[in-house]
Amino acid sequence: MPHISLRNLTITYGDLEVLKGVTADIPDRQVTTIIGPSGCGKTTLLKSLNRLLDLNEDARLYGEILMDGINTYGQNTDILALRKTVGFLSQRPYPLPMSIYDNVAFGPRIHKLSRYEILNQIASVEKHGLLAQCSVENLFQMDMKKKNVEMDILVECYLRLSGLWDEVKDRLHGSAAQLSVGQQQRLALARTLAVGPEVILADEPTSALDPLSSQLIERQIKILKNLYTIVVVTHILRQARRIADHVIFLYMGELVEDGPADQFFDSPKDDRTRAYIKGTIS
Amino acid sequence: MEETIFKGLMIASLTLVLTALAGMILIMLIKGAPALTLSMIMETPRGGYYLGKEGGIANAIVGSLYLSFGASIIAFLLSLPMAFALQKDYSGRQFARFTRLVLDVLWGVPSIVYGAFGFVVMVYFGIRASLLGGIIVLTLLMLPIMVRSMDEVIRMIPAELKEVSIALGATKLETTFAVIFRQGLPGIVTAVLLAFGRGIGDAASILFTAGYTDYIPRSLYDPVASLPLAVFFQIGTPIPEVQGRAYASALILLFIVLIVCVASRLLARRFSRKIIR
């Protein structure tokens, strides 16, 4: 499980300095929320963690992001492996133009996982007892000669893990585009999990969703933190209170305060944090 | 009030266009239908066909199909990578802008210029008018249309969709094939149809390069007849029967385009159920 540390991280778009020398640690197997007003560099910080920022040609990054002590912006970084380890959930769900089943199977297929690797991956998830009634228990009763049976199991497991299985089990081969936005976001979660990441980044994952769907996503995040390191960007303070174990507060590109959630919300040290929590600045 | 005016304007322009189209089809039907017999479709011209005697234009039907399908396939195989190459994942902004401009200009070049260009090149290499020459020139004619239409379709695909695939650890190439191509498929089909329509209906570019013959070509090096030229040659005669056949030929051409359009639309719809709107 990688331990993520930001060391003096500065990111610029052209002349605009979006992040100014941020140094922080992201604890393992906890929910870290990055909060702050719009345009304070939350999303930029998040996207730098799995190098999705590389897609933006204007972005320049200085400083280091250490994962298990290794700089992910070093010269020998395997970007594809990094993105496999660090999954990303975008603000608005974009289902891939294929069936629900194929959406979940997309990652494992791209990475050409063997049957052994797939079963191994599922077993490691199942060890934590998060998959009630998943087919893994019936693994030995299944016809292993059937083509792609391991992919079927994988799809079922991750759809269960993202809390979508019961709603879609009868239309796995239907279009993903026909799901509701809330369902699409949970499908996106399943799709991200299916690659077998250790860290999940979520960029305001509920901002496009209705309250009920948001609640479902939050519930899944709380369940998943037993297995994954989760970083959630949000501008909803109440959401941060509900799900956070650890908080990073950014303001105008600067890290103002970070620490465990209780301490952060109950006894903030910085004036700006106090003002933000009270709602006098936003 | 404004609402009514613009609504009226829309209806008026739509009616105008549709009436013109309907008129064209009606004239073709009235003048062409009597000449449209089975032998017209099934037979090649016999002696004195162009004086109103027996035979058909199977040579031109088959020729047109050979020419347009051949050119469409080659143009498609060339256009798709070109359209992808113009995206900002693969090309610089300046280069893409310049290439788009060139293609837009080529789109507007009259087809007779393509024909003349092809003819000059063929003379240089000592090739005579043939199916091969026709296909090559038609491919050139279709390329700008296909590439630019595909390019526009692919450009419209949201960047976030690419980001999803990249974030899952897919490479640019995997993203292009597995995600972008699928999402763009209906538009890509439209691009091919657009180019096919222009290709099969064009007379000037193949006038010198494909030639004309009363026989169905047996090899790529034989000259080949085509429907647009069949219309052109037959309509210029003073003999009423032959003029009727010109309209019948046009009807056949129209019918081929119709079938190809409907078929590929149905096919595209089958594949596009899962795209994101």
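Residues numbered from 1 in each chain as written. Chains lettered and ligands numbered in written order. Predicted model: local features only at pLDDT ≥ 70, side-chain atom pairs only at ≥ 80, totals over all residues.

1. Quick word on unusual backbone geometry
All names here are of chain A. You will see that Arg29, though not glycine, has its phi angle at about 45 degrees, which is positive. Mapping Arg29 onto the fold places it in the loop between β2 (16–26) and β3 (31–35). Judged by local crowding, Arg29 falls into the partly exposed class, with 15 C-beta atoms found within 10 Å. Positive phi, close to 60 degrees, is recorded for Arg51, a residue that is not glycine. Following the sequence through the fold, Arg51 ends up in the loop between α1 (42–49) and β4 (59–67). (Helix = DSSP H or I, 4+ residues; strand = E, 2+ residues; numbered from the N terminus. Buried ≥ 20, exposed ≤ 12 C-beta atoms within 10 Å, placed from the backbone.)

2. Examining helix α8 (residues 211–224) of chain A
Residue and element names in this part refer to chain A. The terminal C-alpha atoms of α8 lie 20 Å apart, and with 14 residues this matches the ideal 20 Å at 1.5 Å per residue to within 8%. All buried positions along α8 are accounted for by Leu216, Ile217, Gln220, Ile221 and Leu224. Projection of α8 onto a plane perpendicular to its axis shows the buried side chains occupying an angular sector of 140 degrees, all on one side. Turned more than 90 degrees off the buried face of α8, the exposed positions are Pro211, Leu212 and Arg219. (Expected span 1.5 Å × (residues − 1). Arc of directions from axis to C-beta.)

3. Quick word on the interface of chain B and chain A
Accessible area lost during the coming together of the parts is what is often quoted as the interface size. Of the residues lining the interface, 21 residues belong to chain B; the matching set on chain A comes to 24 residues. Among the elements that take part in the side of chain B that touches chain A, helix α7 (residues 159–167) of chain B stands out by supplying seven residues, more than any other. Residues belonging to the side of chain B that touches chain A are distributed by class as follows: 10 nonpolar, four polar and seven charged. (Contact = placed C-beta atoms within 7 Å. Nonpolar A, V, L, I, M, F, W, Y, C, P; charged D, E, K, R; others polar.)

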